Structures are given as C-alpha cells and as structure tokens.
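Observations on the three-dimensional arrangement
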Amino acid sequence: MILSKIIVTSFGLILIGFIYWFFFGKKSSTAEVLDGQGEIKVTVEGGYKPEVIKLKKGIKTTLILKRTDTNPCLEDFIIPDLKIKRYLPMNKEIKVSIKVDRVGIWDFHCGMNMYHGKLIVE
Ligand SMILES: [Cu+2]
C-alpha cells in the first residue's frame, strides 16, 4: 500500500520534471535582444543554437555565427526575405548585421533548406 503510493508519487514527480524540462528546454533555444544594439552568438552545429532569435524593430543587431559542424550543407547561412547569404567557414566567427524596420517573422536556413531557424522582429 505505502510502496504503491511512493511509486505513484515519484512517477508523478518525474512526469512533472519531464514536462518542465520539455518546455524549459524549448525556451532556452531562444535568444532575445532586450535593449539597444546587440550581438547574438549563434552556434551552427547540427542546426542553429539558438534557433529562435528575437530582435527589436529598427535596431541593428549583429549575429555572430560560428560553424563547428563539418557538414557542408551548413556552409551557407541564408535569410531569403532579407536577401542575406553568407558563407560560414569552419570555426570562424562571421558577423552578419541585421536591421529590420518591420515587425514580423523571418526564416533563415542552411544552403539546402534542411536546418531552420527564425528571426522574430518585435
Ligand atoms: Cu542543409
């Protein structure tokens, strides 16, 4: 009787922990520029970390992209709607300055459109 209560309780706690981790884990992949001009470091490895980047409308932000993944499909960093395309050499920081004057969401992706991320301009 007591043992089954312990099992049920610990299972519940594990489940709560998992749910918390699931949502918290997703949030941690977002970077946000809170004030003024800013720089955001983006690691390119098996995708983009962070994959969601929040920017402020009309404020210049510099993305510092560093590719540490040998996968050649991540060589190109493309934001199609902003007409940005950059070559990312291995282990080198490449700066991409962005200033968007409109609120909206802009997708970015790799050369073959397999890895994705987005810029949210608020
Ligand atoms: Cu690709």
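Residues numbered from 1 in each chain as written. Predicted model: local features only at pLDDT ≥ 70, side-chain atom pairs only at ≥ 80, totals over all residues. Heavy atoms only, no water.

- Naming follows an unreviewed UniProt entry, where the protein chain appears as Cupredoxin family domain protein of Candidatus Woesebacteria bacterium GW2011_GWA1_39_21.

1. Some thoughts on the packing of aromatic side chains
- Evaluation of the coordinates by the stated rule reveals three aromatic pairs.
- Their ring planes at 70° and their centres at 5.8 Å tell us that Y48 and F77 sit as a pair that is edge-to-face. Of this pair, Y48 sits in strand β3 (residues 48-49) while F77 sits in strand β6 (residues 76-79), and the two are 29 residues apart along the sequence.
- Judged by its relative accessible area of 1%, F77 is buried.
- With 5.2 Å between their ring centres and 85° between their planes, Y48 and F108 make a pair best called edge-to-face. (Phe/Tyr/Trp six-rings, centres within 6.5 Å; stacked < 30°, edge-to-face > 60°. Helix = DSSP H or I, 4+ residues; strand = E, 2+ residues; numbered from the N terminus. Buried < 20%, exposed > 50% of the residue type's maximum accessible area, 1.4 Å probe, protein only.)

2. What to know about unusual backbone geometry
- Residue P50 is bonded to the preceding K49 through a cis peptide linkage, with omega at 0°.
- Mapped onto the elements, P50 comes out in the loop between β3 and β4 (52-55).
- Its identity is not glycine, yet K83 carries a phi of approximately 55°, on the positive side.
- For K83, the position within the fold is in the loop between β6 and β7 (84-87).
- In the Ramachandran plot, N113 falls in the positive-phi region, its phi being about 60° despite a non-glycine side chain.

3. Topic: the sheet that holds β4
- Spatially, the six strands line up as an open sheet ordered β1-β4-β10-β9-β6-β7, and their pairing is mixed. Each edge of the open sheet is held by one strand with a lone partner, namely β1 (30-32) and β7. Strand-to-strand twist of the sheet, defined as the mean angle between neighbouring strand axes without regard to direction, takes the value 20°.
- Where β6 lies against strand β9 (residues 104-110), two bridges are found, and the strand directions are antiparallel. Following the sheet pairing, F77 is matched in β9 by C110. (Pairing = 2+ DSSP bridges. Axes fitted to C-alpha atoms, helices over the stretch in contact; angles between N-to-C directions.)

4. Remarks on the pattern of salt bridges
- Tallied over the entire structure, the rule returns three salt bridges.
- In this structure, the salt-bridge partner of E39 is K95, at a minimum N-O distance of 3.7 Å. Taken together, the residues E39 in strand β2 (residues 38-44) and K95 in strand β8 (residues 93-98) connect sequence positions 56 residues apart. Like K95, E39 is exposed. (Salt bridge = Lys/Arg side-chain N within 4 Å of Asp/Glu carboxyl O.)

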